[in-house]
Amino acid sequence: MTPMKIIFINFVRCIIVFALWGCSDIKGPELIDLPRSELLYKLRFATKAVMIANYDTLTLKTEAIFADSSRVAVDPLAVSWRSTDRNVVYVDSVGKIHTLASTTAVTNVIAMYTVNGITKGDTVSVYVTQTKMNANEIRIETLDSTSVGALAVNGTPRLRVDLYNDGVLLQEGVRIPFTVPVGISMSTIAVAGVPNMFWNMILNNKGILGKFYVHTSLNLYGNEVRDSVEFTGVYPATISLPAIAQNMNGEVTAPALKPDSPMQYVQPCAVVKFLLALPLLTRPVDIVFSDSIPSPGKTCAPITDADARPGNIPVRVNQVWGNATGILGPGLVLVVRRSPTVGEIRFHLRDGITKDSIAVSGRYSQK
């Protein structure tokens with residue numbers, strides 16, 4: 001057989017194969033259209049957290065939440081259980097936890113559940129104490145304001161959760177998780193110099209305005225207890241305005257300060273920060289404010305330079321009302337200015353000696 005015939009035969013075979021493949025009636029598996037009552041949406045523990053004594057046991061329970069909002073208690077044998085530290089908390093196949101050591105750290109128990117090919121999970125925090133305390137109540141104590149500034153760096157409120165027995169304080173600052181709305185977050189911090197005491201700092205990350213609640217609950221040695229506190233989301237308690245720079249010739253610029261920049265809103269008496277980059281051998285500058293003249297009977301409580309949180313940047317001015325005058329370097333310096341004004345506040349720069357205006361200005365509003 002000649003090479004040309006071999007090539008032709010192989011070509012015909014390929015055409016036949018492709019033709020048969022194109023005409024085949026092969027189908028993939030059909031998707032199963034489940035009713036919403038069978039579509040698993042969430043798996044949830046019956047409790048948010050557990051406080052339990054060492055060498056004790058407690059059986060955890062879960063429920064399945066489906067797409068139609070129906071809830072069903074889950075057979076513990078159908079759940080996959082796991083402890084993040086088996087040396088402290090061991091969990092068996094039916095969700096019973098066995099505590100093996102006390103610790104100030106949290107141990108998480110994770111549950112996974114699959115139904116109709118859909119898998120969901122949840123986590124519960126377990127706190128193991130050395131002994132069982134005679135506590136039957138928890139209370140949230142607010143250590144600062146119940147107003148939460150949006151996107152705030154300064155003045156973030158702190159919370160503390162205390163254990164009580166029939167109204168009698170047993171322990172301050174226990175460590176348990178909070179349930180908060182979307183846009184609000186909590187961070188737990190150990191109190192310096194006080195063993196086993198924790199505070200919680202609340203952050204308004206998304207600029208929520210108006211009323212909202214934070215909740216905490218746990219299984220306290222076998223009893224479900226809970227508490228909540230109402231907060232109000234307000235405008236930020238701090239604002240950092242665009243940096244202002246001065247060159248060796250004394251020329252001052254602030255490219256990020258533009259007339260069409262969006263208005264920034266803060267609380268009255270907010271910490272308003274101006275960061276200035278000033279060489280050593282230059283003329284002083286002033287920042288002049290539209291509300292420089294104090295209103296009778298209105299003021300803001302003074303704050304320390306440390307409360308302004310400048311880091312390693314020296315604070316040249318830290319005042320309430322008035323203009324910030326005679327600002328000199330060298331290097332980066334911080335001006336902190338506050339007032340109780342409600343409404344728009346305008347500012348501009350001027351030469352600290354001649355008092356001639358400099359083409360740098362801006363505005364913000366306090367509400």
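A quick note: this is a predicted structure, and the numbers were derived from the prediction, not measured.

Participant: Help me out: how do you make sense of the overall build of the protein chain in this one?
Facilitator: Per the secondary structure count, the protein chain includes one helix and 29 strands. Per-residue burial for the protein chain yields a buried fraction of 38% across its 367 residues. Sequence separation of at least 24 residues holds for 64% of the intrachain contacts in the protein chain that already meet a minimum separation of 6. Carbon and sulfur atoms make up 56% of the accessible area of the protein chain, which amounts to about 20500 Å² in all.

Participant: Where do I start with the packing of aromatic side chains in this structure?
Facilitator: Pairs of aromatic rings are described using the distance from one ring centre to the other and the angle between the two planes. Within the structure shown, the criterion is met by seven aromatic pairs. Taking the centre distance of 5.7 Å and the plane angle of 75 degrees together, the rings of F274 and F289 count as edge-to-face. Here F274, found in strand β23 (residues 271-278), pairs with F289, found in strand β24 (residues 285-289); they are 15 residues apart in sequence, far enough to count as distant. Just as F274 is buried, F289 falls in that class too. Ring centres 6.3 Å apart and planes at 40 degrees place the aromatic pair F347 and Y364 in the tilted group.

Participant: I tried to follow unusual backbone geometry on my own but got confused; where do I start?
Facilitator: With the exception of glycine, most residues fall at negative phi, and the peptide bonds are largely trans. The peptide bond linking G329 to P330 adopts the cis configuration, its omega dihedral lying at 10 degrees. Residue position: P330 is located in the loop between β26 (324-327) and β27 (331-338). In this model, W321 sits at a positive phi of 60 degrees, which is unusual for a non-glycine residue. Of the residues examined, W321 reaches a relative accessible area of 7% and is grouped as buried.

Participant: Would you mind going over the side chain of T129 with me for this structure?
Facilitator: Mapped onto the elements of the fold, T129 is located in strand β10 (residues 118-129). Classification of T129 as buried rests on a relative accessible area of 18%. Here T131 takes part through its backbone oxygen, which lies 2.7 Å from a polar atom of the side chain of T129. If we skip the residues at most four places from it in the chain, T129 touches M51, I52, A53, N54, S102 and Y221.

Participant: Teacher, can you tell me more about a nonpolar patch on the surface here?
Facilitator: On the surface, a cluster of nonpolar side chains totalling about 380 Å² of accessible area is made up of M248, L280 and L281. Along the polypeptide, M248 turns up in the loop between β20 (244-246) and β21 (252-253).

Participant: Would you mind going over the confidence of the model for the protein chain with me for this structure?
Facilitator: The predicted structure's coordinates, where accompanied by low pLDDT, should not be read in detail. Residues of the protein chain with pLDDT of at least 70 account for 90%, and the chain-wide mean is 88. Confidence drops under pLDDT 50 across residues 15-24; counting only partners more than four residues distant or on other chains, this segment forms zero contacts.

Calculation rules
- For every chain, the first residue of its written sequence is number 1, and the numbers climb from 1 along that sequence.
- Side-chain atom pairs in this predicted model are given and counted only at pLDDT of 80 or more, local residue features only at pLDDT of at least 70, and totals for whole chains, interfaces and linings cover all residues.
- The side-chain values count all of the structure's non-hydrogen atoms but skip hydrogen atoms and water molecules.
- Secondary structure elements are defined from DSSP: runs of H or I of at least 4 residues count as helices, runs of E of at least 2 residues count as strands, and each element is numbered from the N terminus.
- Whether a residue is buried, partly exposed or exposed follows from its accessible area with a 1.4 Å probe, protein chains only, as a fraction of its type maximum: under 20%, in between, or over 50%, in that order.
- Working rule for contacts: check all heavy atoms of both residues, and any pair within 4.5 Å makes them a contact.
- The method behind every accessible area is Shrake-Rupley, applied with a 1.4 Å probe, and residues are considered shielded solely by the protein chains displayed.
- Pairing of aromatic rings covers Phe, Tyr and Trp, the last counted by its six-membered ring, and requires centre-to-centre distances within 6.5 Å; plane angles under 30 degrees mean stacked, over 60 mean edge-to-face, and any other angle means tilted.
- Identification of polar contacts relies on pairs of N or O atoms within 3.5 Å, with a donor-acceptor requirement for protein atoms, meaning one able to donate a hydrogen and the other able to accept it, and with residues adjacent in sequence counted only if both atoms are side-chain atoms.
- Patches here: salt-bridge-free residues with over 30% relative accessible area, like charges joined within 9 Å, nonpolar side chains (Val, Leu, Ile, Met, Phe, Trp, Tyr) joined within 5 Å.
- One side-chain nitrogen of Lys or Arg within 4 Å of one carboxyl oxygen of Asp or Glu is enough to make a salt bridge.
- On a scale of 0 to 100, pLDDT captures the predictor's confidence in every residue.

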